[in-house]
Amino acid sequence: MVRNLSRLITISAGIALAALSFVQGWAGIFREQEPALAIKLAPWDSRARAVLASRALLQSTDAKTLAEADILVRSSLQREPIQAIGLRVAASVADIQGRAELAQKLMTASAALSRRDVLTQLWWIEHYSRTDDVVHTLSHYDIALTSSEDSWQILFPVLVGVSGDIEFARPLGDFFSRHRDRPWRAQLLATMIGSVSDPNSLMRWLPAVLDRSSAGDRELLRNLMQRLVDAQQFDPAFDVYRQVTARRDLSSEQPRNADVRSAVYPPFDWDLANEANRSAQIISADGKTIMTISASDQRGPLAGQLVKLSPGRYRFGLVMAGVTVGDGLGIDLSCATATIASQQPPRSYPLDTSSGSGEALIETVPGCTWHRLVLNYGGTRSGDFFSANVAEVSLQRQ
């Protein structure tokens, strides 16, 4: 009888523990999404009380809500004094009540307990922003972004908003230089490049923190260059081009890759057509690189790039490799600045390459600095076909 009673007590205790575990498990599941339900399931769940208080303060800070949140968080901390959410909510209550010193002490304790509580980090970001302490503000951005991907959609727009601010240029440069290994770095920089209202404002700090030896950073430089070109800010775009290609001695008044060796970074490298009836590509042949161009039944550009030209005349030249089939090749020169281009149509010059080379005397567009230099196919008859290999391109001031 005693043995059976002992066994019955053991079984009953086991069932009770299992039930308690079950209730705590479900309370934990509901704690974040439905803290009120979690409290009903497990009235002793102190963290659910803290979450409920936190949610209330996010919705309102009126006197009634503040009093209810204060009661909830006090009961939460009485049951479990060492918890990040409870300390953060207590700090928020103190902050709203004007007890700044207590709020800072409680938030310090919350931050020490958990780097993953994003709302704690947001409080510190706001705190240091109010005191114009950019360095500490950015340090808490780092903690929040590193510890929680959910914070990215909240914090990225804020950082994009200040990325063009001259006062943030040096701190942002230092910030990104120190945190090259962060999981958020590439996506945040890409977001800045794509979203900032004036991409030229990023030139104060962004190129200096990007490393052209890194494939990811080269892609960011390419995106920045293209964004500047799209904004018709050609001079800073060309500066980025020279950085990403490590060819800082390049002249903007000469065709880049005149030996047609690369089309990696258009429009300052060759921008090659890739259409069914009109195409260009750069290939290696007999130890040299050549640009192969071909077109049939489709007029239009084959290859082009941006060049910065002083006013005047230039002699454009091509050296061909192998046999040229057909005719109709020409050079078009137009202004890259939209307002001028709308008033000045492209200037077209035919090229006779049947002898293995071709030349044309071209003239800049009045009032224009950056021009689009385009190899163009102008065949007009149905069934026309053109094919050639370009070995070298030249442009000389006359």
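Structural notes, computed from the coordinates. (Residues numbered from 1 in each chain as written. Predicted model: local features only at pLDDT ≥ 70, side-chain atom pairs only at ≥ 80, totals over all residues. Heavy atoms only, no water.)

1. Thoughts on the overall build of the protein
Link 1 in the chain: Secondary structure assignment for the protein yields 15 helices and 10 strands.
Link 2 in the chain: Going through the 398 residues of the protein one by one, you find that 43% of them count as buried.
Link 3 in the chain: Contacts spanning at least 24 positions in sequence make up 62% of the contacts within the protein whose residues lie at least 6 apart.
Link 4 in the chain: Approximately 20700 Å² of the protein is accessible, and the part contributed by carbon and sulfur atoms is 52%. (Helix = DSSP H or I, 4+ residues; strand = E, 2+ residues; numbered from the N terminus. Buried < 20%, exposed > 50% of the residue type's maximum accessible area, 1.4 Å probe, protein only. Contact = heavy atoms within 4.5 Å. Areas by Shrake-Rupley, 256 points an atom, 1.4 Å probe, with all protein chains shown as cover.)

2. Overview of unusual backbone geometry
Link 1 in the chain: Following proline 266, the chain continues into proline 267 via a peptide bond in cis, with omega recorded as 10°.
Link 2 in the chain: In this fold, proline 267 is placed in the loop between α14 (234-245) and β1 (271-272).
Link 3 in the chain: Backbone geometry places aspartate 132, a non-glycine residue, at a positive phi of 60°.
Link 4 in the chain: By the element assignment, aspartate 132 lies in the loop between α7 (118-130) and α8 (134-147).
Link 5 in the chain: Positive phi is not limited to glycine here, since glutamine 232 has a value of about 60°.
Link 6 in the chain: Judged by relative accessible area, which is 32%, glutamine 232 ranks as partly exposed.

3. Observations concerning the environment of aspartate 150
Link 1 in the chain: Inspection of the secondary structure assignment puts aspartate 150 in the loop between α8 and α9 (152-162).
Link 2 in the chain: The exposure class of aspartate 150 is exposed, given its relative accessible area of 60%.
Link 3 in the chain: Note: C-alpha distance between aspartate 150 and valine 118 (32 residues apart in sequence) is 8.8 Å.

4. Some words on the nonpolar core
Link 1 in the chain: Counting residues in each nonpolar core, the largest one holds 42 residues, and the members touching the most others are Phe176, Trp205, Leu206 and Phe268.
Link 2 in the chain: Elements supplying a minimum of two residues to this core: α8, α9, α10 (169-178), α11 (185-195), α12 (206-209), α13 (215-230) and α14.
Link 3 in the chain: If we ignore the near neighbours within four places in the chain, the residues touching leucine 206 are Leu189, Ile193 and Leu224.
Link 4 in the chain: One finds Leu302, Leu309, Leu318 and Leu351 within the second-largest nonpolar core, a separate group that totals 28 residues. (Core = buried A, V, L, I, M, F, W, Y, C linked by side-chain atoms within 4.5 Å.)

5. Notes on the state of the cysteines
Link 1 in the chain: Inspection of every chain in the model, using the stated rule, returns 1 disulfide.
Link 2 in the chain: Cysteine 335 shares a disulfide with cysteine 368; S-S distance 2.2 Å. With the S-S dihedral at roughly 90°, the linkage between cysteine 335 and cysteine 368 falls on the right-handed side. Pair noted here: cysteine 335 is in strand β6 (residues 329-335) and cysteine 368 is in the loop between β8 (357-363) and β9 (370-377), with a separation of 33 residues, a long-range link. (Disulfide = S-S within 2.5 Å.)

6. Thoughts on the packing of α8 against α9
Link 1 in the chain: With their axes 10 Å apart at the nearest point, α8 and α9 run at an angle of 150° to one another. Between α8 and α9, the angle falls in the class roughly antiparallel. Classified by chirality, the crossing of α9 by α8 is left-handed. Across the interface between the two elements, Leu138, Tyr141, Ala144 and Leu145 from α8 touch Trp152, Leu155, Phe156, Val158 and Leu159 from α9.
Link 2 in the chain: Split into classes, the residues belonging to the contact of α8 with α9 amount to 9 nonpolar, no polar and no charged. (Axes fitted to C-alpha atoms, helices over the stretch in contact; angles between N-to-C directions. Parallel < 35°, antiparallel > 145°, perpendicular 65-115°, else oblique. Left-handed = near helix turned anticlockwise from the far one by under 90°. Nonpolar A, V, L, I, M, F, W, Y, C, P; charged D, E, K, R; others polar.)

7. Structural notes on the pattern of salt bridges
Link 1 in the chain: Applying the stated criterion across every chain yields a total of 12 salt bridges.
Link 2 in the chain: Its salt-bridge partner being arginine 180, residue aspartate 217 comes within 4.0 Å of it at the nearest N-O pair. Within this pair, whereas aspartate 217 is found in helix α13, its partner arginine 180 is found in the loop between α10 and α11, the two being separated by 37 residues in sequence.
Link 3 in the chain: Under the relative-accessibility criterion, aspartate 217 is labelled buried at 5%.
Link 4 in the chain: Bridged by salt links that share partners, the residues Asp142, Asp181 and Arg182 form one connected network. (Salt bridge = Lys/Arg side-chain N within 4 Å of Asp/Glu carboxyl O.)

8. Some remarks on helix α6 (residues 100-113)
Link 1 in the chain: Here α6 contains 14 residues, and its C-alpha end-to-end distance of 20 Å stays within 8% of the 20 Å for a straight helix at 1.5 Å per residue.
Link 2 in the chain: For α6, the complete set of buried residues consists of Ala103, Leu106, Met107, Ser110 and Ala111. One side of α6 holds all its buried residues, which, seen down the axis, span an arc of 140°. Opposite the buried face of α6, by more than 90 degrees, sit the exposed residues Glu101, Lys105 and Ala112.
Link 3 in the chain: Where α6 is buried, its residues contact α5 (84-96) and α7. (Expected span 1.5 Å × (residues − 1). Arc of directions from axis to C-beta.)

9. Considerations on the sheet that holds strand β5 (residues 313-320)
Pairing between the strands of a sheet is mediated by backbone hydrogen bonds and can be parallel or antiparallel.
Link 1 in the chain: With respect to topology, 5 strands assemble into an open sheet ordered β2-β3-β10-β5-β8, the strand pairing being antiparallel. Only two strands of the sheet have a single partner each, and these edge strands are β2 (278-285) and β8. Between one strand and the next, the sheet's axes are offset by a mean angle of 35°, whatever the strand orientation.
Link 2 in the chain: Inspection of the sheet shows strand β3 (residues 288-296) paired to strand β10 (residues 385-397) by 6 bridges, in the antiparallel sense. Across the sheet, isoleucine 293 pairs through a bridge with alanine 388, a residue of β10. (Pairing = 2+ DSSP bridges.)

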